[in-house]
Amino acid sequence: MPRKKPFSNKQKKKQLQVKRERKRGDTGSGPSSRNASVERGGEHQSDTSDSETTDVRKINQQPFYRDSGYDPNRFRLHFEKESKEEVEKRKKMAREKVLQTVSDKELEVDINDIYPSEKGLDFPRRPSWNYEMTRESLLRKEEKSYREYLEDLHSRNPPGSLSHFEHNLETWRQLWRVLEMSDVILLIVDIRHPVLQFPPALYRYITGELQNEVILVLNKADLCPPPLVIAWKHYMASQFPHLHMVCFTSHPGQPYSTVLQKKRMRRKADWSHAGGPLDILKACQEITSGKVDLSSWEQKIQRDSVAQRLEGEQPDDGAESVLVEHQSDSAMEMNSPSQELYKDGVLTLGCIGFPNVGKSSVINSLVGRKVVSVSRTPGHTKYFQTYYLTPTVKLCDCPGLVFPSRVDKQLQILAGIYPVAQLQEPYSSVGYLCERTPFLSVLKLKHPSLQENESQKGSEEPNWTAWDVCEAWAERRGYKTAKAARNDVYRAANSLLRLAVDGRLCLCLRPPGYSCLREHWENHPDLLEIMALQGRAKEEEGAGERDDEEDGESSTEPEEEKDRDADDDEDGDDEDEGFGHPGRMEDKPSGFTVNMYNVLRENECE
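All values derive from a computational prediction rather than experimental measurement.

(A) Molecular detail of the overall build of the chain. When you go through the chain residue by residue, the secondary structure sums to 21 helices and 11 strands. Buried residues in the chain amount to 56% of all 606 residues. For the chain, the exposed surface amounts to about 27400 Å²; the carbon and sulfur share of it is 48%.

So, in structure tokens, the structure goes:
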């Protein structure tokens, strides 16, 4: 028997790393990587996600098995990679920069500051083609056009000035298909920061070149105070006069029972409780002007409403069956934009928006039951599908797309467009959040320096940094590192960011001039209508505040232990957007505005 060749631990470690990378498809040239995936006809497609001037980070790697024939990583998020020096610089600032309360004026955001017209913040368009072209030549033309788009965009914007945006051509192709198929576009945004997710270039392209109508769906309306919802509606109407607008919420009046619970309280007829489907129907009726028979949709909404009133009785599944169409690549690639509106008497609604704005939840709410998987992880929807809501209404769900803009990257992260678990440096985003929310009165934190030295208790309040906030939250929640049992500040930072994304620690931006006109919006005649949509009434608010005062420190230790790790679950398949609840308003620092529906209650952090 031949003598065995020596094999060091270092070689063994390297061998295991290569084996793991090969298994999950993380190698640069393997068949499961995005750039070399076996696509459509079994051919390798050239890399179209990277340009000569950018280094791209690929996020949300999924396990891949060669025999499956489908690459789940084909549509994963591609964002520009940040340099190590930039990450370390922000981490150092998080340790040293003292948090300062920002003024009300800094919470006001103008859409022209996010998407300045002179910076060329457009989106890639599908190049012209004809039926004489082969599939390969069409793909090459699209790749060339996309590379030229990236080069032009980076030439007009200096490095570091652009926000995170999608660098994956495959995902942009999904947008092209949805735009070509749809008669009316539902552009879905989060009401907490709608101007971040409303690209003017996309609106002009749909209404100008495609000659289609756009309905702006202000989703998650229950996460925002009613006066602010009305103010945003009037601001968007002033900027885009012909835009149809609808307020929407998937689960009105359904709060978290505790601030750190994993899932919200479920109701039996959960998706049929949505507020806003009737408004979307009315907007579509106004747009179609009787060219499409929408009576079956109206009857469906009435049936759902009756089922909701019958003590949570589920709608009849037989009457509400949904036909799902999976669009194949070959069917989409050689499709020209249809010039015929409402083909075969069917209204096609395309759902478009940024990641984590609730597109899939809107579809589930319109259908009345779960037909689309939803998650708080950005990029969860990998591929677009069509759903027949009724025989004359078809819904089209598009994966979330991040358009280029000039918004702060920290604000993008708080808006939920970047997976929290993938962040290299979450502390600066925590600092950005704390400067704009009353974090001390909400989280009831104790400064780390006071924890170490109890004798300093009577001295003046110490200064807070983002790192201090994360360390104090880790101490409060019991987050410790495995070996040294130190406070796990990275896990604490991720926990705080997930609370913000879910809406349990809510940051709401405001339109320009809101501070000056606050009294006008608070006494607006449409206030009661918005509160009814949210599923809340003034009496409920008062009752909620009284209950909090009575409960006091009623949160028990077993309940806290049960919810200990709930905020660390990143990709629960049934996760939806977070919903807040009434809370106390006292101890509000000057310059901060407390969201009456989403401030954490005292007994939920103890």
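Text resumes after the structure shown.
(B) Quick peek at the pairing of strand β6 (residues 213–219). With 6 of 7 residues buried, β6 is to be regarded as a mostly interior element. Viewed along the sheet, the connection from strand β5 (residues 184–190) through helix α6 (residues 200–209) into β6 turns out right-handed. Taken together, the 4 bridges between β6 and strand β7 (residues 244–247) define a ladder with parallel strand orientation. If you follow L218 over to β7, its bridge partner there is C247. Handedness of the crossover joining β6 and β7 through helix α7 (residues 226–239): right-handed.

(C) Highlighting the packing of aromatic side chains. Using the criterion set out here, one finds 12 aromatic pairs in the structure. Centre to centre, the rings of Y146 and Y149 are 6.1 Å apart; their planes meet at 25 degrees, and the pair counts as stacked. Placement of both Y146 and Y149 in helix α4 (residues 135–156) is noted, with a separation of 3 residues, approximately one turn of the helix. With respect to burial, Y146 and Y149 carry one shared label: buried. Consider the rings of F439 and W464, whose centres lie 5.9 Å apart with planes at 85 degrees: the pair is edge-to-face. Placement of the pair is F439 in helix α14 (residues 439–443) and W464 in the loop between α15 (448–452) and α16 (466–477), with a sequence separation of 25 residues. Just as F439 is buried, W464 falls in that class too. Among the aromatic side chains, those forming a connected cluster through ring pairs are F123, W172, Y205, F354 and F403. Geometry around W467 places R95 over its ring, the cationic atom sitting 3.7 Å from the centre.

(D) Examining helix α17 (residues 489–502) more closely. For α17, with 14 residues, the first-to-last C-alpha span of 20 Å sits near the 20 Å given by 1.5 Å per residue. Counting buried positions along α17 gives 12 out of 14 residues, so the element sits mostly inside the fold. What α17 keeps buried is the set V489, A492, A493, N494, S495, L496, L497, R498, L499, A500, V501 and D502. Those residues of α17 hidden inside the fold are in contact with α12 (409–414), α13 (427–434), α14 and α16. Looking one or two residues beyond α17, the residue adopting positive phi is G503, at roughly 95 degrees.

(E) Representation of the packing of α13 against α16 within the structure. Between α13 and α16, the least distance of the axes is 8 Å, while the angle of their chain directions is 95 degrees. Viewed along their axes, α13 and α16 adopt a mutual orientation that is roughly perpendicular. Contacts between α13 and α16 involve Y427, V430, G431 and C434 on the former and, on the latter, A466, W467, V469 and C470. In terms of residue class, the contact of α13 with α16 is built from 7 nonpolar, 1 polar and no charged.

(F) Structural view of α4. Taking 1.5 Å as the rise per residue, α4 with 22 residues should run 32 Å; its terminal C-alpha atoms sit 32 Å apart, in good agreement. Of the positions making up α4, those classed as buried are L138, L139, E142, E143, Y146, Y149, L150, L153 and H154. Considered in projection along α4, the buried side chains sweep an arc of 135 degrees and stay on one side of the axis. Along α4, exposed side chains directed more than 90 degrees from the buried face belong to R140, K144 and S155.

Procedures and definitions
- Residues numbered from 1 in each chain as written.
- Predicted model: local features only at pLDDT ≥ 70, side-chain atom pairs only at ≥ 80, totals over all residues.
- Heavy atoms only, no water.
- Helix = DSSP H or I, 4+ residues; strand = E, 2+ residues; numbered from the N terminus.
- Buried < 20%, exposed > 50% of the residue type's maximum accessible area, 1.4 Å probe, protein only.
- Areas by Shrake-Rupley, 256 points an atom, 1.4 Å probe, with all protein chains shown as cover.
- Right-handed = clockwise from strand over helix to strand, strands pointing away.
- Pairing = 2+ DSSP bridges.
- Phe/Tyr/Trp six-rings, centres within 6.5 Å; stacked < 30°, edge-to-face > 60°.
- Lys NZ or Arg CZ within 6 Å of the ring centre and 35° of its normal.
- Expected span 1.5 Å × (residues − 1).
- Contact = heavy atoms within 4.5 Å.
- Axes fitted to C-alpha atoms, helices over the stretch in contact; angles between N-to-C directions.
- Parallel < 35°, antiparallel > 145°, perpendicular 65-115°, else oblique.
- Nonpolar A, V, L, I, M, F, W, Y, C, P; charged D, E, K, R; others polar.
- Arc of directions from axis to C-beta.

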